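So you can see what is in the structure, the chains are spelled out below.
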Amino acid sequence: MITFSINEISTLLLAIFTIGIFGYLIGHVSVHGVNLGTVGVFVVALIAGHFGISVPNGITNVGLIIFITGVGLSAGPGFIASIKKNGIKYSILCIMTIAVGGVVCAVIVAVFGLRPELTVGMMSGAFTTTPGMSAARDVVSASADAVTYVVTGYGIIYPLAALFKVLFMQIYPKAVHADMEYERSLIQIKKPGLMQNSAQSLRHYLTVDPQGIFCLALASVLGVFFGSFAVPLPHGAQFALGITGGPLIVSLLMGHWGHIGPINLQVIKNILDPVKEIGLFLFYVGVGTQGGHSMVRIIMENGLILVFIGMLLVIIPMFFGALVGTRILRLPLLNCLACNAASMTFTPAMAALAEKSQCDDVASAYASTYPLALLTLVLTCQILVTIL
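Residues numbered from 1 in each chain as written. Predicted model: local features only at pLDDT ≥ 70, side-chain atom pairs only at ≥ 80, totals over all residues. Heavy atoms only, no water.

A. How the structure looks around the overall build of the chain. Along the chain, the regular secondary structure elements total 16 helices and six strands. Here the C-alpha atoms of the chain give a radius of gyration of 21 Å, agreeing with the 21 Å that 2.2 N^0.38 yields for 388 residues. The buried share of the chain, reckoned over its 388 residues, is 53%. For the chain, the exposed surface amounts to about 17200 Å²; the carbon and sulfur share of it is 68%. Taking the average location of the 17 positive side-chain charges in the chain and that of its 14 negative ones, the two points are 10 Å from each other. (Helix = DSSP H or I, 4+ residues; strand = E, 2+ residues; numbered from the N terminus. Rg over C-alpha atoms; globule rule 2.2 N^0.38 Å. Buried < 20%, exposed > 50% of the residue type's maximum accessible area, 1.4 Å probe, protein only. Areas by Shrake-Rupley, 256 points an atom, 1.4 Å probe, with all protein chains shown as cover. Lys, Arg positive; Asp, Glu negative; His and termini not counted. Charge placed at Lys NZ, Arg CZ, Asp CG, Glu CD.)

B. Region of interest: the packing of helix 15 (residues 347–357) against helix 16 (residues 362–387). Packing of helix 15 against helix 16 brings their axes to within 10 Å, and their N-to-C directions diverge by 160 degrees. As judged from the angle between their axes, helix 15 and helix 16 are roughly antiparallel. As helix 15 packs across helix 16, the resulting crossing turns out to be right-handed. Packed against helix 15, whose contacting residues are Thr347, Met350, Leu353, Ala354 and Ser357, the element helix 16 presents Val362, Ala363 and Tyr366 at the interface. (Axes fitted to C-alpha atoms, helices over the stretch in contact; angles between N-to-C directions. Parallel < 35°, antiparallel > 145°, perpendicular 65-115°, else oblique. Left-handed = near helix turned anticlockwise from the far one by under 90°. Contact = heavy atoms within 4.5 Å.)

C. Structural view of the environment of isoleucine 263. Relative to the assigned elements, isoleucine 263 resides in strand 6 (residues 263–264). As for isoleucine 263 and threonine 11, which are separated by 252 residues in sequence, their C-alpha atoms are 41 Å apart. For isoleucine 263, the residues in contact, after removing those within four places along its chain, are Tyr205, Leu206, Val208, Phe214 and Gly258.

D. Main features of the nonpolar core. Formed by 107 residues in total, the largest nonpolar core has its most connected members in Phe42, Met169 and Tyr284. Element by element, the count of residues in this core is highest for helix 7 (residues 144–175), at 14 residues. Counting eleven residues, the second-largest nonpolar core is a separate cluster that includes Leu73, Leu216, Met254 and Val275. (Core = buried A, V, L, I, M, F, W, Y, C linked by side-chain atoms within 4.5 Å.)

E. The arrangement of the confidence of the model for the chain in detail. In this model, the chain carries a mean pLDDT of 84, and residues with pLDDT of at least 70 account for 91%. Scored below 50 in pLDDT, residues 192–199 shows 16 contacts in the model against residues more than four places distant or in partner chains. (pLDDT = per-residue confidence, 0-100.)

F. Expanded view of unusual backbone geometry. Unusually for a residue other than glycine, histidine 177 sits at a positive phi of about 55 degrees. Within the secondary structure, histidine 177 sits in the loop between helix 7 and helix 8 (180–187).

G. Highlighting the environment of isoleucine 171. Inspection of the secondary structure puts isoleucine 171 in helix 7. The class of isoleucine 171 is partly exposed, set by a relative accessible area of 43%. In this structure the C-alpha to C-alpha distance between isoleucine 171 and valine 378, which are 207 residues apart in sequence, comes to 29 Å.

H. Representation of helix 8 in the model. For helix 8, the full list of buried residues reads Met180, Glu183, Arg184 and Ile187. Axial view of helix 8: buried residues confined to an arc of 100 degrees, hence all on one face. Next to the buried residues of helix 8 lie helix 7, helix 14 (333–343), helix 15 and helix 16. Where helix 8 starts, the residue carrying a side-chain oxygen 3.2 Å from the main-chain nitrogen of glutamate 181 turns out to be aspartate 179. (Arc of directions from axis to C-beta. Polar contact = N/O pair within 3.5 Å; in protein donor to acceptor, adjacent residues only side chain to side chain.)

This is how it looks when you write it as structure tokens:
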């Protein structure tokens, strides 16, 4: 007798690829010239998460590392040049954006009378900074009640902030009528020597794996180790690049160097593009289902007014960063938005920008800003929860 049964692994695979089918279908729909692209997977994953679909963190992290290292290897040749050209402006915009978030946080406490612990928790959720939330939690660890407020505030805003930032990177260039071809020409840096992938450059170095898996694996392993080093900060907090910053910086440096001794570290674009897309797909499925688990419940439990107040901590810094970066600091739009994504410490926003612009060079601006943003947010959350 023929029987039909689906085990746990089969169920997981069906869930992942079903989200992919509907996500890409939705992402293909264009409204007034705007389409979600791969972000459609993130939106469908949020809905799936609300209905109880779960994806293991391991799959999410594998997708993240595949995408990050692919982007880093592609953008690496322009990384150092990007820092030399705009590094100071990136740092200024990052600190100003986080400072504005801190001011908004203080105003919310003063005007609406919310508990400082709750508001700082919402700020950490708005900036999607788990280290910042952990730092604030450690400062108030003597009070279980205060710790609960910090964590609750973080949970209220995080999933909505994630969705807003991804959509912002898709919609803002269209809203300001950006000429994407022109903007790409401003951020793209001429790639020296090795990244031209010419026969002449390849002839001098040993290509271990023509499919590029060796380079991706090497960048991932070294990046995870590099990101695991933690620097102690006051009140028991720690600063670490983690599995986002570590692999990103290592892969950017590998792409910049082009080779280590006789070993070629080049991966051609035709290989990197589908690899990045697979990684981004898995990452969006994972973070989307995780955020979807709590988004609707949190909104229902805490009311739309509290959610609206918390979203001010996302919306105001995002628009501030975009406007100040382009109008005052005179950064090109894509550089500015990549720096903005890093200041808000949200890798999917950078991924959405890279897809929208079809330009991996945004990763250089992101990586130039990301470590400073992590450190500044940890210290800011600690200070705010102490003084408010």
